[in-house]
Amino acid sequence: MDKAAHTMPPTRRIMVAIDASPLSLAAATAAAAVARRLGSVLEGLFVEDINLARLTDHPEVTVVSILHARHHPEYHYVIGQALRLQQTAARRAFEAITPLCPLPGGFHVRRGRVAVEMLAAANECDLFVIGWHGDEATPRDAAFGTIARALIETCRRPVLVARQTVEDSTRIAVLRDDAAAQPLAGVLAGEEGDLDRLSHPTEAAPDHLLVVSRSVAVDLQGAPCSLLVAPPA
């Protein structure tokens, strides 16, 4: 193992943002794989959007049925039920992966502005995991979602942005000239022989987990693999 790896604090607590969308499910599986590698506690996070929640109490909000083209008389119930169903789906998805983790943790629900609550949660754990984009229809080569980008640019902790599922056999890669990311990559790889040093991000395969410093992360949106962004020095 690289001697620089010893400068990284232990990753005791990993948290994954999950809302039951396809990319958040991939992020959850990725988080479970990293938790197994590091022997870390894995926790789930669902953020209830306060702006949507407020619609259930707003007197001017009306729900229109697509099937019947008329106002729904119980719009408060419809919106509230949709939020509850999404939270339940997220909780069940997290519970489905916890048997894969050596130290399953709890499932947490926060209510507020999504980006603000995720950033606050991310700064409270040792590694935060999120899907590449919140929109399942977004092409795989698209830019980061707004929340993922905000976390990359401002979070004080490592952030794993999952493009697809990460498995136990996933190779860890780091750019040769990215000295700031190499300690974190060394910790995750475990052994020097398990760390691939790439001269360019296009060398990474889909089954790689590419560890990069924050200063270059946003420029690697076209990378074919998931990115683990090291915290600022």
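Structure first, text after, so check above.
What you see is a predicted model; the values in this text were computed from it and never measured.

> Would you mind going over the overall build of the protein with me for this structure?
Looking only at helices and strands, the protein features 7 helices and 11 strands. The burial tally for the protein puts 47% of its 233 residues in the buried class. Put simply, the protein shows about 11,600 Å² of open surface, and 54% of that area lies on carbon and sulfur atoms.

> Sorry if this is basic, but what is going on with the environment of alanine 121 here?
Examined against the element boundaries, alanine 121 turns out to sit in helix 4 (residues 114-122). For alanine 121, a relative accessible area of 0% puts it in the buried group. Each C-alpha atom of the pair alanine 121 and cysteine 155 lies 9.8 Å from the other, and the pair is 34 residues apart in sequence. Once you skip the residues sitting within four places of it in the chain, alanine 121 turns out to touch Met15, Leu45, Arg110 and Phe128.

> Explanation requested: the sheet that holds strand 8 (residues 171-175) in the structure shown.
By definition, the strands of a sheet pair up through backbone hydrogen bonds, in either a parallel or an antiparallel sense. Overall, mixed pairing links the 9 strands, which are arranged 5-2-1-6-7-11-10-8-9 in an open sheet. One side of each edge strand has no neighbouring strand; the edge strands of this open sheet are strand 5 (103-112) and strand 9 (195-198). The average angle at which neighbouring strand axes cross in this sheet is 25°, direction not considered. Taken together, the 4 bridges between strand 6 (residues 127-131) and strand 7 (residues 159-162) define a ladder with parallel strand orientation. Counterpart to isoleucine 130 in the pairing with strand 7 is valine 161. Contacts from helix 6 (residues 182-189) reach strand 8, strand 9, strand 10 (208-212) and strand 11 (226-229), with the element oriented near 165° to strand 8.

> Would you mind going over the packing of helix 1 (residues 22-38) against helix 6 with me for this structure?
The axes of two packed helices give the description: the angle between them and the distance between them. As a packed pair, helix 1 and helix 6 sit with axes 9 Å apart at the nearest point and diverge in direction by 80°. Taken together, the axes of helix 1 and helix 6 are roughly perpendicular relative to one another. Here helix 1 contributes Val34, Arg37 and Leu38 to the contact with helix 6, which in turn contributes Val187, Leu188 and Ala189. Here the contact of helix 1 with helix 6 is composed, by residue class, of 5 nonpolar, no polar and 1 charged.

> Which parts of the structure should I look at to understand the pattern of salt bridges?
Inspection of every chain in the model, using the stated rule, returns 7 salt bridges. For the salt bridge of arginine 111 with glutamate 48, the shortest nitrogen-to-oxygen distance reads 3.0 Å. Remark: glutamate 48 occurs in strand 2 (residues 41-49) and arginine 111 occurs in strand 5; sequence separation between them is 63 residues. Aspartate 194 is the partner of arginine 171 in a salt bridge, and the nearest nitrogen-oxygen pair spans 4.0 Å. Remark: aspartate 194 occurs in the loop between helix 6 and strand 9 and arginine 171 occurs in strand 8; sequence separation between them is 23 residues. A relative accessible area of 34% means that aspartate 194 is categorised as partly exposed. A single network of salt bridges, built from pairs that share partners, joins Arg110, Glu117 and Glu124.

> Any chance you could explain the pairing of strand 10 here in plain terms?
Remember that side chains alternate between the two faces of the sheet whenever the strand is regular. Of all 5 residues in strand 10, 5 are buried; the element is thus mostly enclosed. Both faces of strand 10 are covered, namely the face carrying His208, Leu210 and Val212 and the face carrying Leu209 and Val211. Across 4 bridges, the pairing between strand 8 and strand 10 is parallel. Bridged to valine 174 within strand 10 is valine 211. When strand 10 meets strand 11, the two strands line up parallel, connected through 4 bridges.

> When you look at the side chain of serine 40 in this model, what are you seeing that I'm missing?
Mapped onto the elements, serine 40 comes out in the loop between helix 1 and strand 2. Separated by 2.3 Å, the side chain of serine 40 and the backbone oxygen of threonine 11 make a polar contact. Leaving out residues up to four positions away in the same chain, serine 40 has contacts with Thr11, Arg12, Arg13, Ile14, Ala35, Pro102 and Leu103.

Procedures and definitions
Residues numbered from 1 in each chain as written. Predicted model: local features only at pLDDT ≥ 70, side-chain atom pairs only at ≥ 80, totals over all residues. Heavy atoms only, no water. Helix = DSSP H or I, 4+ residues; strand = E, 2+ residues; numbered from the N terminus. Buried < 20%, exposed > 50% of the residue type's maximum accessible area, 1.4 Å probe, protein only. Areas by Shrake-Rupley, 256 points an atom, 1.4 Å probe, with all protein chains shown as cover. Contact = heavy atoms within 4.5 Å. Pairing = 2+ DSSP bridges. Axes fitted to C-alpha atoms, helices over the stretch in contact; angles between N-to-C directions. Parallel < 35°, antiparallel > 145°, perpendicular 65-115°, else oblique. Nonpolar A, V, L, I, M, F, W, Y, C, P; charged D, E, K, R; others polar. Salt bridge = Lys/Arg side-chain N within 4 Å of Asp/Glu carboxyl O. Polar contact = N/O pair within 3.5 Å; in protein donor to acceptor, adjacent residues only side chain to side chain.

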